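# Examining the three-dimensional arrangement
One letter stands for each residue in the lines below.
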Amino acid sequence: MILSLGLVRGVIGMIIGAILGMAVTMLIRIGMGLAAWGMEPVSVVGALVGSIGFLLGVGVLTDWIKWMQGKPTPMRHGPPEGKPAWTRYFGTDYNHKVIGIQYTVTGIALLFVAGTLALTFRLELVQPELQYIDTNTFNTFVGAHGIVMIGAILMGVGGLMNYLVPLMIGASDMAFPRLNAFGYWVAVPGALLIVTGIFVGGWDTGWTGYPPLSARAPLGVQMFFLGVYLIGLSSIVGSVNLLTTVTRMRTPGMSLFRMPIFVWAAVATSIIQLTATQLIGLSFLMVLIQRLLGMGFFDPNLTEHAIELNSPPGNVILFQHLFWFYSHPAVYVFILPGLGIISELLPVFCRKPLFGYKWIALSSITIALVGFLVWAHHMFAAGMEDYLRVPFMFATLLVAVPTGVKFFSWTGTLWRGKITLETPMLFVLGSISVFLIGGLTGPPNGTVSTDLFLHDTYWIVGHFHATMFGGFFFPFIAAVYYWFPKVTGRMYDERLGKIHFWISVPGFWVQSLTQAYIGLHGMRRRIADYDPALGIQTGHVLITIAGFAIGISMIIFVYNLVVSARRGEVAVANPWGSRSPEFQIPSPIPEHSYAQPFVVVGEPYDYALPGSTYVNMNPAGLAAGGGGGGGGGGGK
């Protein structure tokens, strides 16, 4: 049974591939008259071939290989024949709902890995001087925490978009089911390589991988580069798939401005992923090749051979431009889906229409486009000329306008709504409060005069964490609770859900605000020790306690999901009284989500408007009525 699981076969294939790649590389080196063992080239090629071995082992390339051989590849539906239903989640499956769950569970697992790393180095910072870990290990844990957390968020984004978008637009599946499965499984060896990098020397560059430090870092940085490259490839193929699905597979009657607001957020996210992700892949690949082949892309010190060839010196600032041209738009990759979740859930729990639907839809697209004009505010301290600093400062402040549109929309939706405070709604409100902290601490980082003082302090750490937690983490939690009945057919434990909320959100308020406070008092980021004369030890204690509180709340969250999925109360058909199409079909959702196409006949968020209907689930008239919760706005 174990060996029949695709994940197990993939890991075995990765090990075999790594050994084969290392052996071939050593033979080539011998043929070139070099020593057989060269740690970096042998290890890097081994890791690359091992990743291909993983994909072959897990079976995600099998159908494409059969196509090249001219063999039939019929689409398979349902659990594997002769195996328990749960095994499909550990192997290649082409159903978008299964792939969405695979992304989501993997993302939660990576959240725990990243959180454990954070709590480890937080314990070191409780007191001045070094107590438990040395500076190299501290640096590795800080960098690994950042990049693993980003990987976890990208997995979570993939989970939400894969599971929800086809259901919301009435599609039978994603446009390219095999490519969809490939997008998930190519990210898994990427995550494994990043974690492996911690144990093969680590890296002391932080999550950004800036040269020249990354050009001289231990071997672990190469695993980090390769892992991010593979996860980036996952983002690119996923965005192609989603944009094609939304463009070509919407159900009849669903015009652009009748789409659920989360679909708009997913489209904006996919535009960024498709057009910007190549830049981080390129920048990391250039450093990787610089280390392997001696190319001086970012090395200002020319080698003798480069001088003979009259090559220009490298430029480390070039890396920053390439890196941030992706990595600042990537912030919106993280938060746009979360903001879409907030906008999706607010009308349900306020029982009134979404205020300014078209404005909030277009604001997501505007954020995606304007986000490409702000990357250089991360480089104000790098010695940029004023004629570059000032335009980027104005562009950075301008991007706050479409974000403000969302806040006004949320406020207008909440105003005089019949609000109910179930766990998903609590996390939506918590998300807004935390994201507001991120929004208020952001403008000082976007103006040159203040950023020069705040750059690389814990003020930035507090701002970034508030943006990520408010923009994605807490909306993601809200989404899991909200759609849990549709996925499992059972209700979660509401009492445990509220305990989770009241530990995690106030805990994060303490953490983020205290991080900003100690940053203003001189605490630098990525520093293993600090001067007790700064008077910030109490702040570090509070941050660490808050971090552990958030960790405990996440254990409660996972326990709630696991136990409720097995023994929770059976969910009614539409527990939230939602108008969304996926809540008009049975729970858990059948293998083929919709027995027949439905027709969109109204607006998606007209809750409590008499006679309003969003979708007709049976246009043939066999079960006439507003299946979208018309008349009473969902019946709640």
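Note: the structure precedes this text.
In this report, we go over the structure that sits alongside the text.

Rules behind the numbers
Residues numbered from 1 in each chain as written. Predicted model: local features only at pLDDT ≥ 70, side-chain atom pairs only at ≥ 80, totals over all residues. Heavy atoms only, no water. Helix = DSSP H or I, 4+ residues; strand = E, 2+ residues; numbered from the N terminus. Contact = heavy atoms within 4.5 Å. Phe/Tyr/Trp six-rings, centres within 6.5 Å; stacked < 30°, edge-to-face > 60°. Buried < 20%, exposed > 50% of the residue type's maximum accessible area, 1.4 Å probe, protein only. Lys NZ or Arg CZ within 6 Å of the ring centre and 35° of its normal. Core = buried A, V, L, I, M, F, W, Y, C linked by side-chain atoms within 4.5 Å. 1 Å grid on protein atoms, 1.4 Å probe; cavity = no way out; pocket = protein on both sides within 12 Å on 5 of 7 lines; lining within 4 Å. Points joined across faces, edges and corners; volume = space filled by probe spheres on them.

## Considering the environment of glutamine 511
- Along the chain, the position of glutamine 511 falls in helix H18 (residues 494–520).
- Sequence separation between glutamine 511 and threonine 62 is 449 residues, and the spatial gap between their C-alpha atoms is 47 Å.
- Once you skip the residues sitting within four places of it in the chain, glutamine 511 turns out to touch His465, Ile543, Ala546, Gly547 and Ile550.

## Here's the deal with the packing of aromatic side chains
- On inspection of all chains with the given rule, the structure shows 47 aromatic pairs.
- Ring plane angle 80° and centroid distance 4.8 Å describe the contact between phenylalanine 501 and tryptophan 502, whose orientation is recorded as edge-to-face.
- With relative accessibility at 5%, the residue phenylalanine 501 sits in the buried group.
- It is arginine 178 that lies over the ring of tyrosine 94; its NZ or CZ is 5.4 Å from the centre.
- Stacked on the ring of phenylalanine 257, the Lys or Arg lysine 358 has its end atom at 5.2 Å from the ring centre.

## Regarding the nonpolar core
- Grouped together as the largest cluster of nonpolar side chains are 181 residues, with contacts concentrated most on Ile147, Phe334 and Trp483.
- The element that contributes the greatest number of residues to this core is helix H5 (residues 135–169), accounting for 21 residues.
- With near-sequence residues (within four places) excluded, isoleucine 147 lies in contact with Ile194, Trp203, Trp207, Phe224 and Val228.

## What to know about empty space enclosed by the protein
- Considering all chains together, one arrives at four cavities of 30 Å³ or more under this definition.
- Its volume calculated, the largest cavity comes out at about 190 Å³.
- If you go around the largest cavity, you meet 20 residues; those closest to its centre are Tyr103, Gly158, Ser234, Ser235 and Gly238.
- For the lining of the largest cavity, the elements supplying multiple residues, two or more each, are H5, helix H6 (177–199), helix H7 (220–248) and helix H8 (261–293).
- Broken down by element, the residue count for the lining of the largest cavity peaks at seven residues, all from H5.
- Lining the second largest cavity we find 16 residues, and of these Ile150, Leu154, Val228, Ile280 and Tyr326 sit closest to its centre.
- At the level of elements, H5, H7, H8 and helix H10 (316–350) are the ones that each hand at least two residues to the lining of the second largest cavity.

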